[in-house]
Amino acid sequence: MSAKTKIVVLHMREVIYTAVFVALGIFLILLFIYMFLPDDTSEKQILSETAPTYMAGVYTASIDSGNQALQIEVIVDKEHINSIRLVNLDETADVSNPLMETTLNSLSAQILSNQSLKGVTCSDSSRYTAQTLYDAINRAIKKATPASGNSTTAK
């Protein structure tokens, strides 16, 4: 039995190419595994999206308008802001601040269409009235938000 010796000649360039392609193959396999494995964050996002945005009810916040206290009333259900209106508005408040009702109508239309307080604009002539109303609406909506940590019930 005679054994014939075989001599294999490897060129360094071929060895380097093979090593690079093997490394790329391993990287791609790991990338596919990482991309297609389910992760816990997607489940948390789904749960947070299905959680109610608001605690349904009627929430109020007061505005001090000189000699009279006015109330902003915000009505929400679990997912939507349904209405925003002024409560306890009489003729003296309407005469002392005529922009109150029109500014609130403008703000509430924007908030109800966007379902958010972000991106609300107002005219320069009613800037201070709008800011006062906006702050009151914001306080009332914070009462309706479960994440605010408010343990009081709807008024």
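Residues numbered from 1 in each chain as written. Predicted model: local features only at pLDDT ≥ 70, side-chain atom pairs only at ≥ 80, totals over all residues. Heavy atoms only, no water.

## Description of the overall build of the protein chain
- Secondary structure assignment for the protein chain yields 5 helices and 3 strands.
- Ordered by position in the sequence, the α and β elements of the protein chain form the string α-α-β-β-β-α-α-α.
- Of all 155 residues assigned to the protein chain, the portion counted as buried reaches 23%.
- Counting only contacts in the protein chain whose residues sit at least 6 apart along the sequence, the fraction spanning at least 24 positions is 51%.
- Total accessible area on the protein chain is roughly 11600 Å²; 60% of this is exposed by carbon and sulfur atoms. (Helix = DSSP H or I, 4+ residues; strand = E, 2+ residues; numbered from the N terminus. Buried < 20%, exposed > 50% of the residue type's maximum accessible area, 1.4 Å probe, protein only. Contact = heavy atoms within 4.5 Å. Areas by Shrake-Rupley, 256 points an atom, 1.4 Å probe, with all protein chains shown as cover.)

## Observations regarding the confidence of the model for the protein chain
- In this model, the protein chain carries a mean pLDDT of 81, and residues with pLDDT of at least 70 account for 77%.
- Across the protein chain, the element-wise mean pLDDT spans from 55 in helix H2 (residues 40-50) up to 94 in helix H1 (residues 12-36).
- Taken as a whole, residues 151-155 scores under 50 in pLDDT and shows 5 contacts with residues more than four places along the chain or in a different chain. (pLDDT = per-residue confidence, 0-100.)

## Considerations on the side chain of Gln110
- Residue placement: Gln110 occurs in helix H4 (residues 99-114).
- For Gln110, a relative accessible area of 17% corresponds to the buried category.
- Discounting residues that sit within four places of it in the chain, Gln110 has contacts with Gly119, Val120 and Thr121.

## Quick word on the nonpolar core
- Counting residues in each nonpolar core, the largest one holds 23 residues, and the members touching the most others are Ile72, Val74, Ile81, Ile84, Leu133 and Ile137.
- Elements represented by at least two residues in this core include exactly strand E1 (57-65), strand E2 (68-76), strand E3 (81-87), H4 and helix H5 (127-144).
- In terms of residues, this core owes the most to one element, H5, which gives 7 residues.
- Contact partners of Ile72, with chain neighbours within four places excluded, come to Tyr59, Thr60, Ala61, Ile63, Ile84, Arg85, Leu86, Leu104, Leu133, Ala136 and Ile137. (Core = buried A, V, L, I, M, F, W, Y, C linked by side-chain atoms within 4.5 Å.)

## Let's talk about the sheet that holds E2
- The strand order across the open sheet formed by 3 strands is E1-E2-E3, and the pairing between neighbours is antiparallel. Both edges of this open sheet fall to E1 and E3, since each of them pairs with a single strand only. The mean inter-strand angle of the sheet, taken between neighbouring strand axes irrespective of direction, is 20°.
- When E1 meets E2, the two strands line up antiparallel, connected through 9 bridges. Across the sheet, the residue bridging to Thr60 is Glu73, located in E2. (Pairing = 2+ DSSP bridges. Axes fitted to C-alpha atoms, helices over the stretch in contact; angles between N-to-C directions.)

## Notes on the pairing of E3
- Bridge analysis of E2 against E3 gives 6 bridges, and the strand direction is antiparallel. Among the inter-strand pairings, Glu73 is bridged to a residue of E3, identified as Arg85.
- Between E2 and the antiparallel strand that follows it, E3, lie 4 residues.

## Here we look at unusual backbone geometry
- The backbone of Gln115 shows a phi angle near 55°, a positive value even though the residue is not glycine.
- Among the secondary structure elements, Gln115 is positioned in the loop between H4 and H5.
- Its relative accessible area of 26% is what places Gln115 among the partly exposed residues.

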